[in-house]
Amino acid sequence: MKIFIVIDETSFFHPDFLNDLIENINHEVVGAGLVTNIPRKSNLTKYLIRRFYFLKFFEILKLALSYLKNKRNKFSSVKFVLKYHKIPYIKIKNNINNVKYVDFINKYSPDIIISSNSLIFKEEILSIPKVCCINRHSSLLPSYAGLWPIFHAYINDEKFVGVSVHKMNDKIDSGDILYQEKIPIKKNDTIFSLYMKSFKISSRAIILSIEYLDKSISPQNSNDSYFSFPTNADWKLFRDKGGKFI
């Protein structure tokens, strides 16, 4: 099958995840959409800058050091990974449902579109692939749909976080679930470490999901819930529970 990927350009997690996916998938990755202008309401970097006062000094320092260390890595950006594997891509700076991007994706006639990004797919994109669009999400859907699910799971005293891959429809983080994997929350885990774990298993989750698309798999269900970025009260609860960001 021919695979097209739409992915956010972020310094953390995404470059290694994408490289692992490309190197291990048994299908042809024909092209990609690189989201370089993440909407403000979904932009974690801008959110953290606006809420920097919720981070402790040593957390800000560790984030900065991790960012600098990442810049020295072989795969320091999603763009570099795409170039390294010689995958054609288009930079997406606004609404992905724009005719410019629709035409680019259509050119590659993908069987499946993989989503790991902050944009909303409408019918213009959802109708392109021959099989379906699938999305990777860092929670055990349908619980903790929306933004920053691991943070919300932590302050709700969940024992597990996880990764879900699901078919996409016209609702956010909805559609039949193809694959899920739990990640136990350990005593020394931080928000950063849990997201790192979720992205480490994400490529395998997507690869298995693509294989499962040819089989009859019953959707996995739990309680619906949708979240946005944490509020001030969420942060207070997070710290009261002894939570560590990084």
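The present account deals with the structure reproduced in this document. This is a predicted model, so every value here is computed, not measured. (Residues numbered from 1 in each chain as written. Predicted model: local features only at pLDDT ≥ 70, side-chain atom pairs only at ≥ 80, totals over all residues. Heavy atoms only, no water.)

Another point: the overall build of the protein. Along the protein, the regular secondary structure elements total ten helices and nine strands. A globule of 246 residues ought to have a C-alpha radius of gyration of about 18 Å, and the protein, at 18 Å, matches this closely. Based on the C-alpha atoms only, the size of the protein along its principal axes is roughly 50 × 40 × 30 Å. Here the protein, with 246 residues, has 52% of them falling under the buried criterion. By sequence separation, contacts in the protein at least 24 residues apart represent 72% of the contacts at least 6 residues apart. If you sum the accessible surface of the protein, you get close to 12500 Å²; carbon and sulfur atoms cover 53% of it. Positive and negative side-chain charges in the protein, numbering 36 and 23 respectively, have mean positions lying 8 Å apart. (Helix = DSSP H or I, 4+ residues; strand = E, 2+ residues; numbered from the N terminus. Rg over C-alpha atoms; globule rule 2.2 N^0.38 Å. Buried < 20%, exposed > 50% of the residue type's maximum accessible area, 1.4 Å probe, protein only. Contact = heavy atoms within 4.5 Å. Areas by Shrake-Rupley, 256 points an atom, 1.4 Å probe, with all protein chains shown as cover. Lys, Arg positive; Asp, Glu negative; His and termini not counted. Charge placed at Lys NZ, Arg CZ, Asp CG, Glu CD.)

This part is about the side chain of H166. Looking at the element boundaries, H166 is found in strand 7 (residues 160-167). On the basis of relative accessible area, H166 is assigned to the buried category, the value being 1%. The residues touching H166, leaving out its near neighbours within four places in the chain, are C133, I134, N135, L141, D173, S174, G175, D176, I177 and L178.

Now for a nonpolar patch on the surface. On the surface, F57, L61, L65, Y67 and L68 cluster together to form a nonpolar patch covering roughly 540 Å² of accessible area. Topologically, Y67 is positioned in helix 3 (residues 57-71). (Patch = residues over 30% accessible without salt bridge, like charges linked within 9 Å, V, L, I, M, F, W, Y side chains within 5 Å. Salt bridge = Lys/Arg side-chain N within 4 Å of Asp/Glu carboxyl O.)

Right, let's talk about unusual backbone geometry for a bit. Following L141, the chain continues to P142 via a peptide bond in cis, the omega torsion being 5 degrees. Looking at the element boundaries, P142 is found in the loop between strand 5 (132-137) and strand 6 (145-146). Here the phi dihedral of W148 falls at roughly 50 degrees; this positive angle occurs in a residue that is not glycine. Inspection of the secondary structure assignment puts W148 in the loop between strand 6 and helix 7 (149-155). Even without being glycine, D173 reaches a positive phi, approximately 50 degrees. In this fold, D173 is placed in the loop between strand 7 and strand 8 (177-184). We classify D173 as buried; its relative accessible area is 15%.

Turning our attention to the nonpolar core. Within the largest apolar cluster, 56 residues are counted, with the highest numbers of intra-cluster contacts made by I114, I134, W148, I191, W235 and F245. I114 has contacts with I3, F4, I5, V6, L21, I134, I206 and I210, leaving out every residue within four places of it along the chain. Core analysis: the next-biggest nonpolar cluster, separate from the first, contains 21 residues, I92, F104, I113 and I125 among them. (Core = buried A, V, L, I, M, F, W, Y, C linked by side-chain atoms within 4.5 Å.)

With that settled, consider the sheet that holds strand 2 (residues 28-35). Spatially, 3-2-1-4-5-7-8 is the arrangement adopted by the seven strands of the open sheet, whose pairing is mixed. Two strands bound the open sheet, and with one partner strand each, they are strand 3 (89-92) and strand 8. Taking the axes of each pair of neighbouring strands and ignoring which way they run, one obtains an average angle of 15 degrees across the sheet. As defined by bridge partners, strand 7 adjoins strand 8 across seven bridges and the pair is classed as antiparallel. When the bridges of strand 8 are listed, V165 appears paired with Y179. Contacts between helix 5 (residues 99-106) and the sheet are confined to strand 1 (2-8), strand 2, strand 3 and strand 4 (112-116), with strand 3 contributing the most and set at about 160 degrees to the helix. Sheet contacts for helix 9 (residues 202-212): strand 1, strand 4, strand 5, strand 7 and strand 8; angle to strand 8, the most-contacted strand, approximately 155 degrees. (Pairing = 2+ DSSP bridges. Axes fitted to C-alpha atoms, helices over the stretch in contact; angles between N-to-C directions.)

Listing the buried residues of helix 1 (residues 14-24) in full gives H14, P15, F17, L18, N19, L21 and I22. On its buried side, helix 1 packs onto strand 1, helix 4 (78-84), strand 4, strand 5, helix 8 (191-200) and helix 9.

Taken residue by residue, helix 10 (residues 232-240) has D234, W235 and F238 as its buried positions. Taken down its axis, helix 10 places every buried residue within 100 degrees of arc, on the same side. Opposite the buried face of helix 10, at more than 90 degrees from it, the exposed residues are A233, K236 and D240. At its buried positions, helix 10 is contacted by helix 2 (44-50), helix 7 and helix 8. The first or second residue beyond helix 10 is G242, which carries a positive phi of 80 degrees. (Arc of directions from axis to C-beta.)

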